[in-house]
Amino acid sequence: MQTIPLPQTDLAPSVLCLGGVPLGSVLDERQSFAVLDAFVAQGGTFLDTAKVYADWLPGERSVSEKTIGRWLQARGQRDGLVIATKGAHPELATMHKSRMDRASIVADLEQSLRNLQTDVIDLYWLHRDDPQTPVAAILATLEEQVRAGKIRAYGCSNWRAGRIAEAQAYARTQGRPGFVADQMLWSVAAVSQSALPDPTMAAMDGALFDLHAASGLPAIPYASQANGYFQRAAAGTLAGMNEGSRRLYDTPENRRRSQAVQALAAETGRSISAIVLGYLLGQPFPVLPIVGCRTVAQVEDSCRAAAQPLSAAEIAFVEGRAGRG
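The rules behind these values
- Residues numbered from 1 in each chain as written.
- Predicted model: local features only at pLDDT ≥ 70, side-chain atom pairs only at ≥ 80, totals over all residues.
- Heavy atoms only, no water.
- Helix = DSSP H or I, 4+ residues; strand = E, 2+ residues; numbered from the N terminus.
- Rg over C-alpha atoms; globule rule 2.2 N^0.38 Å.
- Buried < 20%, exposed > 50% of the residue type's maximum accessible area, 1.4 Å probe, protein only.
- Pairing = 2+ DSSP bridges.
- Right-handed = clockwise from strand over helix to strand, strands pointing away.
- Salt bridge = Lys/Arg side-chain N within 4 Å of Asp/Glu carboxyl O.
- Phe/Tyr/Trp six-rings, centres within 6.5 Å; stacked < 30°, edge-to-face > 60°.
- Axes fitted to C-alpha atoms, helices over the stretch in contact; angles between N-to-C directions.
- Left-handed = near helix turned anticlockwise from the far one by under 90°.
- Contact = heavy atoms within 4.5 Å.
- Patch = residues over 30% accessible without salt bridge, like charges linked within 9 Å, V, L, I, M, F, W, Y side chains within 5 Å.
- Areas by Shrake-Rupley, 256 points an atom, 1.4 Å probe, with all protein chains shown as cover.

A.B. asks: Would you explain the overall build of the protein chain in this entry?
C.D. replies: Counting its regular elements, the protein chain contains twelve helices and seven strands. Against the 2.2 N^0.38 benchmark of 20 Å for 325 residues, the protein chain shows a C-alpha radius of gyration of 19 Å, consistent with a compact globule. If you line up the protein chain on its principal axes, its C-alpha atoms span 55 × 45 × 35 Å. By the burial criterion, 53% of the 325 residues in the protein chain qualify as buried.

Below, the structure written as structure tokens:
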């Protein structure tokens, strides 16, 4: 699988990132290990998780990180992998209370290191933002952890364009890289910020797209396949999709985009997955989609699709901006 260097770092992860949400929760340990093994067998080197995954379910806390940590130890796989995790998420029972202070960031990082059974996190994400906390204070905490050797680089997740620009401008005054990547909700599906079930999430929008296009900041989108919406639409199985995903994705515009995706797949002989992921891979700045695979077959399908970016004309066709000549 192709790798993509992250600017201003020594990290060059695989173009696809395996998402950790189902590991250890929806998938038991045996199933989780099989998915991880399959991803590595396909050349995948980039794993993404979070301290809070899947704390919304009863049982063990931070189960995704802990499952990956046990797999790393069982397989001896740490070298050559890019391990990313996220911290500073609000407590689930009090989402309105920020945890962007230094003590919370450091405590989450230390717990993640223990959970993952590693000495260093390659890419550490701030899982949410708090616009009331100055970027100077946030970046000072992260730089302290870089100097301590506990993280190699850091990024932001669910930040708005203006705050990212502010943080990057401050980092430049300090002679530091600042955020080396950004993680947001993004796929071929059209999703408005107002439709998101959690207002602390951030979807790709025009301002954020322009920031990435102008700066070259890599985007590492989650829900990159729209929770399987386009595959289900093509197969006629939308009725089996969970209600929350249907409310978010099943709109007139996305039904139109689904028809365009299916037409492009039929014309080119590519799979629906290849068109959906190719939409992201064909953007004018580095994009490394996170794929939320639950089976070995899904891993293999996603990895096959990773080598087929759409052209600018194909992206315009799917978005309804232009036909193809």
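The rest of the description comes next.
A.B. asks: Would you explain the pairing of strand 4 (residues 121-126) in this entry?
C.D. replies: In the case of a regular strand, side chains alternate between the two sheet surfaces. Most of strand 4 is tucked away, with six of its six residues classed as buried. Inspection of the sheet shows strand 3 (residues 82-87) paired to strand 4 by four bridges, in the parallel sense. Bridged to Ala84 within strand 4 is Leu123. Handedness of the crossover joining strand 3 and strand 4 through helix 3 (residues 102-116) is recorded here as right-handed. In terms of strand pairing, strand 4 meets strand 5 (residues 151-157) through five bridges, oriented parallel. Within strand 5, the residue paired with Leu126 across the bridge is Cys156. Handedness of the crossover joining strand 4 and strand 5 through helix 4 (residues 135-147): right-handed.

A.B. asks: Looking at this structure, I do not really get the pattern of salt bridges. What am I missing?
C.D. replies: Oppositely charged side chains can form a pair if their charged atoms are brought close together. For the structure on display, the rule yields 23 salt bridges. Put simply, Arg78 and Asp122 hold a salt bridge, and the shortest N to O gap is 3.0 Å. Of this pair, Arg78 sits in the loop between helix 2 (63-75) and strand 3 while Asp122 sits in strand 4; the two residues are 44 residues apart in sequence, bridging distant segments of the chain. Considered together, Arg78 and Asp122 belong to a single accessibility category, that of buried residues.

A.B. asks: I'm lost on the packing of aromatic side chains in this one. Help?
C.D. replies: For any two aromatic rings, the description comes down to two numbers: the centre-to-centre distance and the angle of the planes. Per the stated rule, a full pass over the model turns up eight aromatic pairs. Ring plane angle 75° and centroid distance 5.0 Å describe the contact between Trp159 and Phe179, whose orientation is recorded as edge-to-face. One end of the pair, Trp159, is in the loop between strand 5 and helix 5 (161-173); the other, Phe179, is in the loop between helix 5 and strand 6 (182-183), with 20 residues separating them in the sequence. As far as the burial class goes, Trp159 and Phe179 line up, both buried. Here the aromatic rings of Trp186 and Phe209 are separated by 6.3 Å at their centres, their planes lie at 85°, and the arrangement is edge-to-face. Of this pair, Trp186 sits in the loop between strand 6 and helix 6 (206-215) while Phe209 sits in helix 6, and the two are 23 residues apart along the sequence. Given a relative accessible area of 7%, Trp186 falls into the buried group. Using a relative accessible area of 24% as the deciding quantity, one classes Phe209 as partly exposed. Chaining the aromatic ring pairs together yields one cluster made of Tyr154, Trp159 and Phe179.

A.B. asks: Would you mind showing me how to read the packing of helix 4 against helix 5 here?
C.D. replies: Two numbers describe a pair of packed helices, the interaxial angle and the distance between the axes. Axis separation between helix 4 and helix 5 bottoms out at 10 Å; the angle between their running directions is 60°. Where helix 4 crosses over helix 5, the two elements pack in a sense that is right-handed. Contacts from Val135, Ala136, Ile138 and Leu139 in helix 4 reach Arg163, Glu166, Ala167, Tyr170 and Ala171 in helix 5.

A.B. asks: Quick question: what am I supposed to make of a nonpolar patch on the surface here?
C.D. replies: On the surface, a nonpolar cluster with roughly 340 Å² of combined accessible area is contributed by Val21, Trp56, Leu57 and Leu92. As for its position among the elements, Trp56 is in the loop between strand 2 (46-48) and helix 2. Classification of Trp56 as partly exposed rests on a relative accessible area of 46%.

A.B. asks: Hey, could you run me through the side chain of Ser258 in this one?
C.D. replies: Mapped onto the fold, Ser258 is located in helix 9 (residues 252-268). Residue classification places Ser258 among the buried positions, given a relative accessible area of 3%. If near-sequence neighbours (up to four positions away) are discounted, Ser258 is found in contact with Tyr229, Phe230 and Ala233.

A.B. asks: What am I meant to see in the side chain of Asn254 here?
C.D. replies: With respect to the helices, strands and loops of the structure, Asn254 is situated in helix 9. If near-sequence neighbours (up to four positions away) are discounted, Asn254 is found in contact with Ala189, Ala190, Tyr229, Phe230 and Tyr249.

A.B. asks: Where do I start with the environment of Asp205 in this structure?
C.D. replies: If you trace the backbone, Asp205 turns up in the loop between strand 6 and helix 6. Along the chain, Asp205 and Gln193 lie twelve residues apart, while their C-alpha atoms are 8.0 Å from each other.

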